[in-house]
Amino acid sequence: METIKVKTPSKSYPVFIGRNATNSLPEFIREHFSQVGKILIITDEKVAGLHLHTVKELLSGIGIPILDYVVPEGEHAKTFDVFFACQSYALSQNLNRKSMIIALGGGAVGDLAGFVAATFMRGIPFIQVPTTLLSHDSAVGGKVAINHPQGKNMIGVFHQPEAVFFDLSFLETLPPRELRSGFAEVVKEALIQDPGFYSWLFANVTRLDTLTEEQLLHMIKRGIEIKAAIVEEDEKETGVRAYLNLGHTLGHAIEGLAGYGKFSHGEAVMIGTIFALHLSRKKLQLDIDLEGFIDWARGLGYETEIHEGLNKTDILSFMKRDKKVISDIVTFVLLEKVGSPKMANISDSEIMDNLSVIYRKN
Ligand SMILES: NC(=O)c1ccc[n+]([C@@H]2O[C@H](COP(=O)([O-])OP(=O)(O)OC[C@H]3O[C@@H](n4cnc5c(N)ncnc54)[C@H](O)[C@@H]3O)[C@@H](O)[C@H]2O)c1
Ligand SMILES: O=C(O)C(=O)C[C@@H](O)[C@H](O)[C@H](O)COP(=O)(O)O
Ligand SMILES: [Zn+2]
């Protein structure tokens, strides 16, 4: 099993990665959280059917009552109503400040359960047990949130987990579309920080359905190392952490405007990344074979364009509420080189002019 240590000003914690990494969860809780009175596992309907019994079985011998609360899948979990229902359930089961939450699922579950943990009685500990490729990104770094109809992750806090157990065996049940969604965040991490890793991905990953466990482990580990290093330097996003938002300015707008679920998070981020690469070429003379990148993305099954139903004016208005906006100017993460990101203010008219590159031509 691989272990990566994350050290932020508010908390240091381990990330365990490997097949059956969750086998070490009972021992970790016994060793570090023996005083915990109750554990609440928050998971979604799909993951509950697939993996909840395994985790509950593992924890059955630790002598702490284990409860579970099952929420809807995907972005449907990141709503105020579901958040409130989790709090109500926790109160009805007499959880208190000596309780702990386990987030079992993908990024949506992790974001929701982490926010429930951060706010229940002003904050209790939680452990991330990610089950998607994407959640190598979401489980690390402590951004936890729910959505508002006006934007993604608008209501949230920073609340670091006590540990992350990334069990590769859970990925075996992941549908191809979810693998694709997660791979977009791997590409993002490579683009912002590691040209060698990016070249490796570009040369070696031409299909997502034939990835070996060794390849998956490599990309999850390297992705987490990159994320952890950035979060260690800037836990609360006052500076470099914003680089992890490459592709997200437009990505969040596409996700939100199309209706959550139409594009998965990673699918939308991939289109946002293509737009950011296009702007980077134009504004910062980024030397990249963008057409080759787009062909690669298409070959992996990504949509690389959007249709007229998502109109430019709505996209711009949505992006005006992005958390990186400064004095009403939309700020994008661009690249000077692969591995060298830079923040850039882009005027509304420039955004409108350039958005045409991501519209379907016929
Ligand atoms: N906090 C952060 O730093 C951060 C980083 C990246 C993304 N995010 C958020 O994460 C979310 C996207 O993450 P995600 O794609 O993992 O979300 P998700 O939790 O919605 O999972 C995607 C789908 O896969 C299913 N699933 C999960 N694990 C499975 C498994 N092992 N086998 C079969 N099906 C499984 C889920 O039920 C769901 O339908 C978005 O809300 C995004 O905003 C947060
Ligand atoms: O950890 C971060 O910082 C990120 O930006 C990671 C992103 O992949 C993730 O989607 C995050 O939730 C976006 O945050 P937001 O602040 O733009 O809502
Ligand atoms: Zn993301």
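All residue numbers refer to positions counted from 1 along the written sequence of the respective chain. Numbering of ligands from 1 and lettering of chains from A proceed in the order in which they are written. In view of the model being predicted, local features appear only for residues whose pLDDT reaches at least 70, and side-chain atom pairs are presented and counted only at 80 or more, with totals across whole chains, interfaces and linings using the full set of residues.

Asks: Looking at this model, I keep getting lost on the overall build of the chain. Mind explaining?
Replies: Helix numbering and strand numbering both begin at the N terminus, where a helix is a DSSP run of H or I of at least 4 residues and a strand a DSSP run of E of at least 2. A tally of regular secondary structure across the chain gives 13 helices and 11 strands. Note that the radius of gyration is over C-alpha atoms, with the globule rule given as 2.2 Å times the number of residues to the power 0.38. Relative to its length of 362 residues, the chain is compact, with a C-alpha radius of gyration of 20 Å against a globular reference of 21 Å. Referenced to the eigenvectors of the C-alpha coordinate spread, the extents of the chain come out at roughly 60 × 40 × 35 Å. Each of the 362 residues in the chain was classed as buried or not, and the buried ones make up 46%. Note on contacts: residues are paired as contacts if their backbone-placed C-beta atoms lie within 7 Å. Considering only contacts in the chain between residues 6 or more positions apart, those separated by 24 or more positions represent 74%. Neighbour density around each residue's C-beta defines its exposure: 20 or more other C-beta atoms within 10 Å make it buried, 12 or fewer make it exposed, and counts between make it partly exposed, where C-beta atoms are placed from the backbone.

Asks: What is the right way to look at the packing of helix α9 (residues 248-258) against helix α10 (residues 265-284) in this model?
Replies: The description of two helices packed together rests on the angle between their axes and the distance between the axes. Here an axis means a line fitted to C-alpha atoms, over the contact stretch when the element is a helix, while the angle between two N-to-C directions is reported on a 0 to 180 degree scale. Contact geometry of α9 with α10 gives a least axis separation of 7 Å together with a crossing angle of 135°. When the axis of α9 is compared with that of α10, the two are oblique. The chirality of how α9 crosses α10 is right-handed. Contacts between α9 and α10 involve His248, Thr249, Leu250, Gly251, Ile254 and Glu255 from the former and His265, Ala268, Val269, Ile271, Gly272 and Phe275 from the latter. An angle counts as roughly parallel when it lies under 35 degrees, as roughly antiparallel when it exceeds 145, as roughly perpendicular when it falls between 65 and 115, and as oblique in every other case. Two helices cross in a left-handed way if the nearer one is turned anticlockwise from the farther one by less than a right angle. They cross in a right-handed way if the turn is clockwise.

Asks: Would you mind showing me how to read the nonpolar core here?
Replies: Within soluble globular proteins, side chains that are nonpolar tend to cluster in buried spots. By definition, a nonpolar core groups buried Ala, Val, Leu, Ile, Met, Phe, Trp, Tyr and Cys residues that are joined through C-beta atoms within 7 Å. Ranked by size, the top nonpolar core spans 104 residues in total, and within it Ile42, Ile101, Val109, Leu112 and Val116 carry the most contacts. Among the elements that line this core, the one with the most residues is α10, at 9 residues. The source of the domain bounds is an automatic or database domain assignment. Shared between two domains, this core takes at least three residues from each, and those domains are domain 1 (2-173) and domain 2 (176-358). Discounting residues that sit within four places of it in the chain, Ile101 has contacts with Leu40, Ile42, Ala113, Val116, Ala117, Ile124 and Phe126.

Asks: Explain the sheet that holds strand β9 (residues 163-167) here, please?
Replies: The 7 strands lie next to each other as β1-β2-β9-β6-β5-β3-β4, forming an open sheet whose pairing is mixed. One side of each edge strand has no neighbouring strand; the edge strands of this open sheet are β1 (2-7) and β4 (66-71). When the angles between neighbouring strand axes are averaged without regard to direction, this sheet yields 15°. Any two strands with at least two DSSP-identified bridges between them are counted as paired. When strand β5 (residues 99-105) meets strand β6 (residues 126-130), the two strands line up parallel, connected through 5 bridges. The residue bridging Ile101 from the neighbouring strand is Phe126, located in β6. Seen against the sheet, helix α8 (residues 213-233) touches β1, β2 (12-18) and β9 and runs at an angle of roughly 15° to β1.

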